Amino acid sequence: MAQTSHSQVIASIILHYMDGLKRGTRLWYTDYKYWKKGGLVMSEKKQLKSSSQIIKEQQEIYDPNDRYEIIDGIRYDLKPSPIIQHQILLTELYSAIRITCNQNGIIVVAPMDVKLDDRNTVQPDLIFIADENVHIIVDGIIQGAPDLLVEILSPSSGSHDKIRKKALYERFGIKEYWIVDPVLHTIDQFAHDGVKLQLHATYGKGDTLKSDRFSCISIDAASLFAAIARF
């Protein structure tokens, strides 16, 4: 391959870039290699992305107005933004679990896809993955059943969270599932017994939520719901 001067390479890049701007496309260059003598040469140029590839790339950018879940192959749209009480409770729950369980696993909040299989992808409000289960995180994506999932009810999600998603989590063996009610100020704690998600306890003001499976968890329900008392 003939050696190319640094100035020639830069000039070539600028010309191709300007040409790409005129045609509304992007050009990508990689694999600039140095010869043993230190000369800069350009090896292969990647092919221009086709228009369909560019469109696909743009669609993969997160759009808060296009949040949805897929359960048994059916798409269920999510509202782009929950109300303030929902988000405050989520923040308080995350903080409470992180303080005591940060050394025991990973705590993540929505929006974060959980891909249970090819026909089921959900976005729980809070996700806890124990250290021994972190292998389900593959290439930055959760692909498998986390240990604990939490859903905070909203006016539009009651039956979806209580019935449809509970049945789904039960089927995939989620160890614990909590349903937080910001109106009644309660937390329903479901634990998987190997067959079903059974209601283990319901916590309200004056109670401390603990878990037989996750000993690091200890949440004061009164403090949790006090954060939304002003609204």
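The text that follows walks through the structure, step by step, so that each part is easy to find. (Residues numbered from 1 in each chain as written. Predicted model: local features only at pLDDT ≥ 70, side-chain atom pairs only at ≥ 80, totals over all residues. Heavy atoms only, no water.)

### A closer look at the state of the cysteines
For the structure on display, the rule yields one disulfide. The disulfide partner of Cys 101 is Cys 216, and the S-S distance across this bridge is 2.1 Å. With the S-S dihedral at roughly 105 degrees, the linkage between Cys 101 and Cys 216 falls on the right-handed side. In this pair, Cys 101 is assigned in helix α3 (residues 84-101) and Cys 216 in the loop between β15 (208-210) and β16 (218-220), connecting sequence segments 115 residues apart. The two residues Cys 101 and Cys 216 agree in class, both being buried. (Disulfide = S-S within 2.5 Å. Helix = DSSP H or I, 4+ residues; strand = E, 2+ residues; numbered from the N terminus. Buried < 20%, exposed > 50% of the residue type's maximum accessible area, 1.4 Å probe, protein only.)

### Remarks on the packing of aromatic side chains
Per the counting criterion, the structure on display carries three aromatic pairs. When the ring of Tyr 169 is compared with that of Tyr 177, the centres are 4.9 Å apart and the planes differ by 85 degrees; the resulting orientation is edge-to-face. Here Tyr 169 matches Tyr 177 in class, with each residue buried. Clustering of aromatic rings is evident, with ring pairs tying together Tyr 169, Tyr 177 and Phe 190. The ring centre of Tyr 68 lies 3.9 Å from the NZ or CZ of Arg 75, which sits over that ring. (Phe/Tyr/Trp six-rings, centres within 6.5 Å; stacked < 30°, edge-to-face > 60°. Lys NZ or Arg CZ within 6 Å of the ring centre and 35° of its normal.)

### Brief notes about the nonpolar core
Nonpolar side chains in soluble globular proteins tend to be buried together. Core analysis: the largest hydrophobic core is formed by 28 residues, its most contacted members being Leu 93, Trp 178, Val 180, Ile 187, Ile 217 and Phe 225. When contributions to this core are tallied by element, the ones reaching two or more residues are α3, β8 (126-130), β11 (148-152), β12 (176-181), β14 (197-203) and α5 (221-226). For this core, the leading source of residues is α3, giving six residues. Residues within four places of Ile 217 in sequence aside, it is in contact with Thr 100, Cys 101, Leu 148, Trp 178, Leu 209, Lys 210 and Ser 211. Ile 71, Ile 129, Ile 136 and Leu 197 belong to the second-largest nonpolar core, a separate cluster that totals 17 residues. (Core = buried A, V, L, I, M, F, W, Y, C linked by side-chain atoms within 4.5 Å. Contact = heavy atoms within 4.5 Å.)

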